[in-house]
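What the coordinates show
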Amino acid sequence: MIIADRSGNTAARELPGATMTLAHLSPELDDKPPTPEVPDGGELLVWGNDRLQLHILHGVDIAPRLLIVHHAHTPSSDVASLRRSSLPVVELSLAGDGRHGTAGKRHVDGSAAQRLRLTGVQESEANGLRRLELRAVDTLSGLEVAVHYELSAGSSVLRTWTELRAAGAAVGLEYVSSLVLSGLGHGQDWEEELGLWQAANPWSGEFRWRRSTLAERGLYNVGMVEYGQVGSKNRITATSTGAWSTSEHLPMGILEDLATGSMTAWQVEHNGAWHYELGDRYDDVYLAVSGPTAAEHQWALTLEPGETFRTAPAAVAVVPSGGIDAVAAELTAYRRRIRRPHRDNTELPVIYNDFLNCLMSDPTTDRERPLIAAAAGLGVEVFCIDAGWYDDENGGWWDSVGEWEPSVKRFPDGGLAGLIGEIRAAGMKPGLWLEPEVVGVRSRIAESLPADAFFTRNGERTREWGRYQLDLRHPAARAHLDGVVDRLMADFDLAYLKLDYNIDIGAGTELGGSVGAGLLEHNRAFLAWVSAVMDRHPGLTVEGCAAGGSRTDGASGAVFPIQSLTDQQDFAKTPPISAAAPLAITPEQSGVWASVEGSMGDEQLAFSVISAILARVHLAGRIHTLTPAQLDLVRTGLDVYKSLRSKISSSVPSFPLGLPAWRDDWIAQGARLDGTTLAIAVHRRGGDARQDIALPAWLGSNPAATVVYPAWGAVDVVPAAPGVPDGPAAGPGQQAVLSVSLPEENSARLVILRA
């Protein structure tokens with residue numbers, strides 16, 4: 001760690017043990033001018049790894065402020081010039097306290113944040129992971145704050161979260177940031193020179209990334225700083241309310257310097273409500289990221305003396321070059337590091353699920369048997385029976401679920417146990433679908449569990465689309481679900497459990513505090529319950545699903561070994577979803593539907609299989625209608641997948657044609673399989689019959705290209721021009737080019753390129 005004085009002189013200073021305590025500061029602030037200027041003086045604390053350095057200003061009259069997260073591969077910044085627009089390391093809003101020096105809807109310039117004074121610093125390192133803890137106190141309320149930063153060796157991704165503790169008196173919280181960054185537009189015409197990437201996440205059309213300038217999103221430099229004001233009071237926001245964390249937007253964003261191509265990307269790691277905003281302060285741009293808030297989510301929390309609160313974690317990647325591909329590489333490596341280990345992430349078995357374009361929640365023994373035979377013949381390794389296996393009402397189960405007992409009518413020959421035995425006898429492992437968080441209004445469970453085991457608002461049990469919502473903070477709710485899962489495991493020895501969630505219960509539950517706090521605590525309890533299930537049943541793979549991709553967030557990705565990405569049923573609309581997904585979730589956790597049936601042509605069958613071949617294959621559709629030749633074609637594709645999957649689990653995703661738009665004719669998904677091998681899945685949906693794809697410089701000037709699926713495909717590589725250097729020295733337009741011709745619409749090729 002380095003500490004510098006205000007003049008910029010620096011000297012290495014050893015920490016006494018792992019902890020350094022700084023002088024406690026004056027308990028009261030002097031009267032402030034109309035705007036929250038940063039006083040002169042202070043010390044500079046510098047900490048980081050071989051990639052990133054954090055420059056943190058603090059002092060007797062200065063709240064600790066993160067001036068910049070500097071990447072080692074970029075020119076040094078004039079750190080001193082960033083102090084005016086800097087923000088405290090955590091933004092706070094306390095009940096009855098508000099902002100100081102400005103007003104508006106923005107979650108910055110909180111009085112409590114400006115009162116923070118640094119009281120201690122702790123640094124540690126173990127197993128290549130460096131941690132920094134900044135401890136501070138609000139000199140008025142006595143609230144104690146610990147801001148945590150975490151960096152892995154060689155990584156350009158910083159993880160951060162904040163813990164709060166009430167000391168001598170109760171404190172009411174209304175906003176606490178997970179991440180605050182300032183200085184993002186320093187010295188720039190940031191209205192037009194910064195581009196903001198955000199992703200809409202519509203149901204069945206997920207991962208819709210689009211870039212806009214800040215001006216196009218409504219953030220302007222209005223010139224009022226010249227008149228002693230902070231800025232425009234405006235902001236660009238992304239917010240998710242309710243229990244579906246990604247039903248409208250991904251909890252991510254990327255800020256791009258349009259002149260240099262450098263990017264700053266972030267994600268909120270929470271499976272419920274979240275918020276982030278970008279705004280202008282002192283001719284600069286800030287980012288504030290959080291979980292739920294009072295203003296947006298009806299969240300508030302009172303900490304009694306000794307009580308604590310921890311924010312949702314957030315992560316930020318600073319990437320000086322390489323664009324979206326470099327961002328994806330950094331975030332993919334980071335997500336692999338923080339997630340719960342599971343053997344499914346390396347084994348990547350082929351899964352067949354009977355729902356999509358097939359049984360659609362209406363299974364019976366007679367309907368399943370031909371699917372089981374076809375799946376076994378295709379080399380499927382896990383056969384999952386989706387919704388309906390508990391239904392004795394001929395499809396009327398939606399508002400009666402909750403007991404999760406097998407139907408006695410649908411499986412007459414040996415019951416569900418007999419059918420699962422047939423799956424196992426065919427050489428596959430069995431799986432079942434479950435929707436644990438809901439209880440139908442007609443279910444006996446709705447009456448047998450205590451009233452406070454369910455979400456409640458305004459004194460009434462919360463009801464959505466014929467279902468009640470379990471509150472997994474309650475021991476009775478957890479005990480009920482533990483009993484269900486343990487019984488299913490004991491009766492059927494399942495290898496796979498798909499957990500779905502098809503309602504969004506809204507703001508939360510009022511039991512125990514604010515409705516937003518109730519939702520946050522339930523969200524955390526749910527993931528803790530899922531982890532406990534896998535601890536208790538270590539051979540079980542649990543898939544996360546919420547109406548397709550409505551909970552594709554970082555917190556869920558750190559727990560579930562595999563997740564559903566979408567409910568899209570049209571095979572031709574799947575590629576823009578599957579090809580864009582790796583920016584939000586690792587390929588080996590991305591469950592992609594490959595829906596096939598006998599009415600499809602050979603090109604269409606290959607098209608559908610290739611959509612999933614660089615991720616996780618969720619085979620679907622009426623596979624029993626495939627002809628022998630079609631079965632051979634699909635089986636060949638699955639065999640190719642099996643030959644690649646040992647490398648998919650460590651692959652580095654890329655976007656050879658950029659992030660796909662929803663109606664793009666040509667879509668390409670890349671995966672760097674090792675130091676010399678690139679796989680590209682190329683789909684043509686319409687447009688011209690030929691597409692050229694510039695290849696990365698690391699492949700060299702004339703890589704070898706092979707179409708590995710389907711067998712009849714062929715492509716050409718146009719070498720780089722003579723005299724152009726191989727490797728990173730090759731510039732845009734100087735690399736080799738892959739030329740793909742596909743005469744038929746809705747056709748695809750999987751191409752392997754080797755340097």
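Residues numbered from 1 in each chain as written. Predicted model: local features only at pLDDT ≥ 70, side-chain atom pairs only at ≥ 80, totals over all residues. Heavy atoms only, no water.

1. A word on the overall build of the chain
In terms of helices and strands, the chain carries 15 helices and 44 strands. A compact globule built from 755 residues would reach a C-alpha radius of gyration of about 27 Å, and the chain, at 27 Å, matches this within 12%. Along the first, second and third principal axes, the C-alpha set of the chain runs to 80 × 75 × 50 Å. In the chain, which comprises 755 residues, the share counted as buried stands at 61%. Looking at the chain as shown, the accessible area adds up to about 26,800 Å², and 50% of this sits on carbon and sulfur atoms. (Helix = DSSP H or I, 4+ residues; strand = E, 2+ residues; numbered from the N terminus. Rg over C-alpha atoms; globule rule 2.2 N^0.38 Å. Buried < 20%, exposed > 50% of the residue type's maximum accessible area, 1.4 Å probe, protein only. Areas by Shrake-Rupley, 256 points an atom, 1.4 Å probe, with all protein chains shown as cover.)

2. Brief notes about a nonpolar patch on the surface
On the surface, Y220, V222, M224 and Y227 cluster together to form a nonpolar patch covering roughly 440 Å² of accessible area. Turning to its location among the elements, Y227 is positioned in the loop between β15 (208-213) and β16 (235-240). Owing to a relative accessible area of 62%, Y227 belongs among the exposed residues under this scheme. (Patch = residues over 30% accessible without salt bridge, like charges linked within 9 Å, V, L, I, M, F, W, Y side chains within 5 Å. Salt bridge = Lys/Arg side-chain N within 4 Å of Asp/Glu carboxyl O.)

3. Observations concerning the side chain of S443
With respect to the helices and strands, S443 occurs in the loop between β27 (438-440) and α9 (445-448). Within the structure, S443 has its side chain in polar contact with the backbone nitrogen of I445 (distance 3.1 Å). Apart from residues no more than four positions distant in its own chain, S443 is found in contact with D399, S400, V401, G402 and E403. (Polar contact = N/O pair within 3.5 Å; in protein donor to acceptor, adjacent residues only side chain to side chain. Contact = heavy atoms within 4.5 Å.)

4. Here's the deal with the sheet that holds strand β40 (residues 690-694)
Across the sheet, three strands lie side by side as β40-β43-β42; this open sheet has antiparallel pairing. Whereas interior strands pair on both sides, the edge strands pair on one side only; in this sheet they are β40 and β42 (715-718). Mean inter-strand twist for the sheet, computed between neighbouring axes without regard to direction, equals 20°. Relative to strand β43 (residues 737-741), β42 runs antiparallel, the two being bridged by four bridges. Of the residues in β43, the one forming a bridge with V718 is V737. (Pairing = 2+ DSSP bridges. Axes fitted to C-alpha atoms, helices over the stretch in contact; angles between N-to-C directions.)

5. Points about the nonpolar core
Counting 134 residues, the largest nonpolar core has W389, L583, L619 and I623 as its most contacted members. Not counting residues within four places of it along the chain, the set of residues in contact with W389 comprises P363, W404, E405, P406, S407, F411, L416, L432, W433, L434 and L488. Grouped together as the second largest cluster of nonpolar side chains are 58 residues, V90, L151, L181 and L194 included. (Core = buried A, V, L, I, M, F, W, Y, C linked by side-chain atoms within 4.5 Å.)

6. Quick notes on the packing of aromatic side chains
Overall, the coordinates contain 17 aromatic pairs when judged by the stated rule. Centroid distance W389 to W404: 6.5 Å. Interplanar angle 35°. Geometry classified as tilted. In this pair, W389 sits in the loop between β25 (382-385) and α8 (415-425) while W404 sits in the loop between β25 and α8, placing the two residues 15 residues apart along the sequence. Centre to centre, the rings of F571 and F607 are 5.5 Å apart; their planes meet at 85°, and the pair counts as edge-to-face. Highlighted residues: F571 in the loop between β34 (562-564) and α13 (575-580) and F607 in helix α14 (residues 602-612), separated in sequence by 36 residues. Take F571: its relative accessible area is 17%, and that puts it in the buried class. (Phe/Tyr/Trp six-rings, centres within 6.5 Å; stacked < 30°, edge-to-face > 60°.)

7. Focus: the sheet that holds strand β31 (residues 467-469)
Taken together, three strands build an open sheet; the order of strands is β27-β31-β30 and the sheet is antiparallel. For this open sheet the edge positions go to β27 and β30 (463-464), each flanked by a neighbour on one side alone. Relative to β31, β27 is paired through three bridges, and the arrangement is antiparallel. Of the residues in β31, the one forming a bridge with V438 is Q469.

8. Some thoughts on the packing of helix α7 (residues 365-378) against α8
Remark: α7 packs on α8, axes separated minimally by 11 Å, with the N-to-C direction vectors making an angle of 5°. Considered as vectors, α7 and α8 are oriented roughly parallel to each other. When α7 is examined against α8, the residues T365, E368, R369 and I372 are found in contact with a partner set consisting of L419, E422 and I423. Grouping the constituent residues of the contact of α7 with α8 by class yields three nonpolar, one polar and three charged. (Parallel < 35°, antiparallel > 145°, perpendicular 65-115°, else oblique. Nonpolar A, V, L, I, M, F, W, Y, C, P; charged D, E, K, R; others polar.)

9. Some details on the confidence of the model for the chain
Residues with a pLDDT of 70 or more make up 94% of the chain, whose mean pLDDT is 94. Of the regions scoring below 50 in pLDDT, residues 2-34 engages in 65 contacts with residues more than four places distant in sequence or in other chains. (pLDDT = per-residue confidence, 0-100.)

10. What about the pattern of salt bridges?
Applying the stated criterion across every chain, the model contains 44 salt bridges. For R165, the salt bridge identified is with E144, shortest N-O distance 3.1 Å. With R165 in strand β11 (residues 157-165) and E144 in strand β10 (residues 144-152), the pair connects residues that are 21 residues apart, well separated along the chain. For R165, a relative accessible area of 35% corresponds to the partly exposed category.

11. With respect to helix α11 (residues 515-536)
With 22 residues, α11 extends 31 Å from end C-alpha to end C-alpha; this agrees with the ideal 32 Å at 1.5 Å per step. The buried count for α11 comes to 16 of 22 residues, which makes it a mostly enclosed element. (Expected span 1.5 Å × (residues − 1).)

12. Remarks on the pairing of strand β23 (residues 314-319)
The two faces of the sheet receive side chains in turn, since in a regular strand these alternate between them. Most of β23 sits inside the fold, with six of its six residues counted as buried. Burial along β23 is two-sided: A314, V316 and V318 facing one way and A315, A317 and V319 facing the other are all buried. Direction of pairing for β11 relative to β23: antiparallel, over a ladder of four bridges. Across the sheet, the residue bridging to V157 is A317, located in β23. As judged from the six bridges shared by strand β18 (residues 263-268) and β23, these two strands associate in the antiparallel manner.

13. Quick notes on unusual backbone geometry
Of note, the bond from Y709 into P710 is cis; its omega dihedral lies within 30 degrees of zero at -10°. Although it is not a glycine, S204 sits at a positive phi angle of roughly 70°. Mapped onto the fold, S204 is located in the loop between β14 (194-200) and β15. In this structure S204 comes out as buried when scored by relative accessible area, which is 11%. In this structure, N458 is a non-glycine residue whose phi angle is positive, near 55°. If you trace the backbone, N458 turns up in the loop between β28 (456-457) and β29 (460-461).

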